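Structural overview for review
The chain contents come next:
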Amino acid sequence: MDEIALYVVIGFVAQMIDGAIGMAYGVTATSVLLSTGVPPATASACVHAAETFTTGASGLAHWKLGNVDRQLLWRLALPGAIGGAIGAYALSELDGDMLKPYISAYLLLLGLVIIWKALAKRPLDAPQPRSVAPLGFFGGLLDAIGGGGWGPIVTSSLLGQGATPRYAIGSVNLAEFFVTLTISATFLITVGLSLWPIITGLIIGGVIAAPFAALAAKHVPAKMLMLAVGCVVIGLSVNTLLKALR
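Described below are features of the structure shown in this document.

Here is what the cut-offs are and how they apply
- Residues numbered from 1 in each chain as written.
- Predicted model: local features only at pLDDT ≥ 70, side-chain atom pairs only at ≥ 80, totals over all residues.
- Heavy atoms only, no water.
- Core = buried A, V, L, I, M, F, W, Y, C linked by side-chain atoms within 4.5 Å.
- Buried < 20%, exposed > 50% of the residue type's maximum accessible area, 1.4 Å probe, protein only.
- Contact = heavy atoms within 4.5 Å.
- Phe/Tyr/Trp six-rings, centres within 6.5 Å; stacked < 30°, edge-to-face > 60°.
- Helix = DSSP H or I, 4+ residues; strand = E, 2+ residues; numbered from the N terminus.
- Expected span 1.5 Å × (residues − 1).
- Axes fitted to C-alpha atoms, helices over the stretch in contact; angles between N-to-C directions.
- Left-handed = near helix turned anticlockwise from the far one by under 90°.
- Nonpolar A, V, L, I, M, F, W, Y, C, P; charged D, E, K, R; others polar.

**Some words on the nonpolar core**
Nonpolar side chains in soluble globular proteins tend to be buried together. If you look at the biggest cluster of nonpolar residues, it comprises 48 residues, and the most contacted ones within it are L33, L76, V154 and L158. In this structure, L33 is in contact with Y7, I10, V38, A43, V47 and I198, ignoring residues within four places of it in sequence. Core analysis: the next-biggest nonpolar cluster, separate from the first, contains 6 residues, I17, A24, A118 and M226 among them.

**Describing the packing of aromatic side chains**
By the definition in use, this model includes 3 aromatic pairs. Through a chain of ring-to-ring contacts, the aromatic side chains of W74, F177 and F178 assemble into a single cluster.

**Things to note about the environment of T186**
Structurally, the position occupied by T186 is in helix α8 (residues 165-190). According to the relative accessible area criterion, T186 is buried, its value standing at 14%. Residues T186 and A88, 98 residues apart in the sequence, show an inter-C-alpha distance of 6.3 Å. Discounting residues that sit within four places of it in the chain, T186 has contacts with A85, A88 and Y89.

**Considering α8**
In this model α8 runs 36 Å from its N-terminal to its C-terminal C-alpha over 26 residues, within 8% of the 38 Å that 1.5 Å per residue would give. G192 sits one or two residues past α8 and shows a positive phi near 80 degrees.

**Details of the environment of A85**
Along the chain, A85 falls in helix α4 (residues 70-93). Here A85 falls in the partly exposed class, since its relative accessible area comes to 22%. Sequence-wise, A85 and I145 are 60 residues apart; in three dimensions their C-alpha atoms are separated by 9.8 Å. In contact with A85, not counting residues within four places along its chain, are T182 and T186.

**A short note on the packing of α4 against helix α6 (residues 132-146)**
Two elements in contact, α4 and α6, have axes whose closest approach is 6 Å; the angle formed by their N-to-C orientations is 35 degrees. Two packed elements cross with a definite hand, and for α4 against α6 that hand is right-handed. Within the contact between the two elements, α4 uses L72, R75, L76, P79, G80, I82, G83, G84, I86, G87, A88 and L91 and α6 uses V132, A133, G136, F137, G140, L141, A144 and I145. For the contact of α4 with α6, a count of residues per class yields 13 nonpolar, 6 polar and 1 charged.

**Here we look at the packing of helix α2 (residues 25-35) against helix α3 (residues 40-64)**
Put simply, α2 and α3 touch, their axes get as near as 10 Å, and they point 145 degrees apart. When the axes of α2 and α3 are compared, the crossing they make is right-handed. Of the residues in α3, those touching α2 at Y25, G26, A29, T30, L33 and L34 are P40, A43, V47, A50 and E51. Residue composition of the contact of α2 with α3, grouped by class: 8 nonpolar, 2 polar and 1 charged.

Following this line, the structure appears as structure tokens:
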């Protein structure tokens, strides 16, 4: 129960962040799990298994609120699922200790992306997004290998191109459900999902956090949250990198 309680806290914090700014659940949870010594493949498998539930609920809410562009959804979901399956399989076949420094470096870069996104000015126009299929593929690939990054990579890229925020965020959220479902199924076949205390704790924490995250999104400035998240992810990644390189 003590072990589950720890992951409930991690899941709660990760969902509070994700629900408030629309990204960084996987980045936050995976950074914490890696820093506690969980192998990369196990960390990614557990986070994505839990994310299947959280992204499903979030995507359904966006669908009901009319925040989903159907065309954009499938242009992201299908290549994203393919990339996610390839990334999950590759991660399950490679040595975790060898990969940990590279994954931590990747998460470090994502932390910088989150900070950049918090400080960048959003374009005023809303043109049609470009190169959506390759973006979805590499977003899914890196999300599976790094245990997170779909939101920071895909959402940031779409918003950087000037896409309408509500449709970009809503479509990316619902597409993420299909990507995480595929990644979880691939991990189930390859490495299995045996560490249920981690998965259970992350799910419970995420469910508890959901209503509070909605309140945070309404009352706490997004820029402040994103800067805090970026700093935390960078700090955890640097700590893991230093441990791995010793």
